[in-house]
Amino acid sequence: MTLRVWGMPLLLSLLCVQVSAAQVRQISGRITNSQTEQGVPDATVAVLGTQIVAQADNEGRFALNAPDGSTNLMVRSIGYKRQQITVPPGQGTVNVALEPDVFKLEEIVITGQVTGVEQRNLANAVSTVSAAELNRAPAPTIESALQGKIAGATIQSNSGAPGGGLQVNLRGVSTIIGDLEPST
């Protein structure tokens, strides 16, 4: 009987100690473009070492619950260089200015061999042609619009007839041994 009487308060005090040790605080802020000072939509803010992640809204505003103490945040967005920030224990607001990634070295390329690789670490060349680049000059077909926009690719029509198809030649192993013609 004495054990039950003393056991319950002891159990409750242990629970209170664990709850107080796992306190959280809210960190909020805004993510902006360092050049235009406009909000960066859909940027992600992650607390390093945890599974806590928040996504910014259309104006770049975010809010997340982080553990007490000094917190390291990783801020990322497509087309921008990622940035790591340390938030001191007493601070609850953080504004981050991301720098545009002109060379797109931090873009993630999804391949069939691994989940994702940063473009700077990728062994293969990757080209992206945006809709704005395709619409710069009028072209009768998509293959003629792509011609000259992908490095190492030669795009040719098989014939002038409708439905004649096209041929895409990519620079490959033959250029390493000195052959100037692209492999098919």
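So, a few notes on the structure that sits alongside this text. Everything quoted here is computed from the prediction, not taken from an experiment.

### Structural notes on the overall build of the protein chain
Part 1 of the argument: Across its full length, the protein chain holds three helices and eleven strands.
Part 2 of the argument: The linear arrangement of helices and strands in the protein chain, starting from the amino end, is α-β-β-β-β-β-β-β-β-β-α-α-β-β.
Part 3 of the argument: Residue burial in the protein chain is summarised as follows: out of 184 residues, 21% are buried.
Part 4 of the argument: Taking contacts inside the protein chain between residues at least 6 apart in sequence as the whole, the part at least 24 apart equals 37%.

### Quick word on the pairing of strand β4 (residues 61–67)
Part 1 of the argument: Residues Phe62, Leu64 and Ala66 of β4 are buried on one face, while the alternating residues Arg61, Ala63, Asn65 and Pro67, pointing to the opposite face, are not.
Part 2 of the argument: Direction of pairing for strand β1 (residues 24–33) relative to β4: antiparallel, over a ladder of seven bridges. Directly across from Val24, in β4, lies its bridge partner Pro67.

### Overview of the pattern of salt bridges
Part 1 of the argument: Applying the stated criterion to the full structure yields two salt bridges.
Part 2 of the argument: For Glu59, the salt bridge goes to Arg61, with nearest N and O atoms at 3.6 Å.

### Section: the environment of Asn158
Part 1 of the argument: One can find Asn158 in the loop between β10 (153–157) and β11 (166–170).
Part 2 of the argument: With a relative accessible area of 47%, Asn158 lands in the partly exposed category.
Part 3 of the argument: In contact with Asn158, other than residues within four places in its own chain, are Gly164, Gly165, Leu166 and Gln167.

### Structural notes on the environment of Ser77
Part 1 of the argument: Tracing the backbone shows Ser77 in the loop between β5 (71–76) and β6 (83–87).
Part 2 of the argument: Classification of Ser77 by relative accessible area gives buried; the value is 16%.
Part 3 of the argument: C-alpha of Ser77 to C-alpha of Ile31: the two residues are 46 residues apart in sequence and 9.6 Å apart in space.
Part 4 of the argument: Beyond its immediate chain neighbours, meaning those up to four positions away, Ser77 contacts Val40, Pro41, Ala43 and Leu98.

### Re the sheet that holds β5
Part 1 of the argument: As summarised here, the arrangement of the four strands in space is β3-β2-β5-β6, forming an open sheet in which the pairing is antiparallel. Only two strands of the sheet have a single neighbouring strand rather than two, namely β3 (53–55) and β6. Along the sheet, successive strands turn relative to each other by an average axial angle of 20°, direction set aside.
Part 2 of the argument: As paired strands, β5 and β6 are joined by five bridges and run antiparallel to one another. Residue Met74 lies in a different strand from β6, and its bridge partner there is Gln84.

### Quick notes on the nonpolar core
Part 1 of the argument: Counting 19 residues, the largest nonpolar core has Ile27, Ile31, Val45, Phe62 and Leu64 as the members making the most contacts within it.
Part 2 of the argument: When residues of this core are traced back to their parent elements, those giving at least two are β1, β2 (44–47), β4, β5, β6 and β7 (93–98).
Part 3 of the argument: Apart from residues lying up to four places away in sequence, Ile27 is in contact with Phe62, Ala63, Leu64, Ala66, Thr71, Leu73, Val87, Gly92 and Val94.

Reading the values: the criteria
- Residues numbered from 1 in each chain as written.
- Predicted model: local features only at pLDDT ≥ 70, side-chain atom pairs only at ≥ 80, totals over all residues.
- Heavy atoms only, no water.
- Helix = DSSP H or I, 4+ residues; strand = E, 2+ residues; numbered from the N terminus.
- Buried < 20%, exposed > 50% of the residue type's maximum accessible area, 1.4 Å probe, protein only.
- Contact = heavy atoms within 4.5 Å.
- Pairing = 2+ DSSP bridges.
- Salt bridge = Lys/Arg side-chain N within 4 Å of Asp/Glu carboxyl O.
- Axes fitted to C-alpha atoms, helices over the stretch in contact; angles between N-to-C directions.
- Core = buried A, V, L, I, M, F, W, Y, C linked by side-chain atoms within 4.5 Å.

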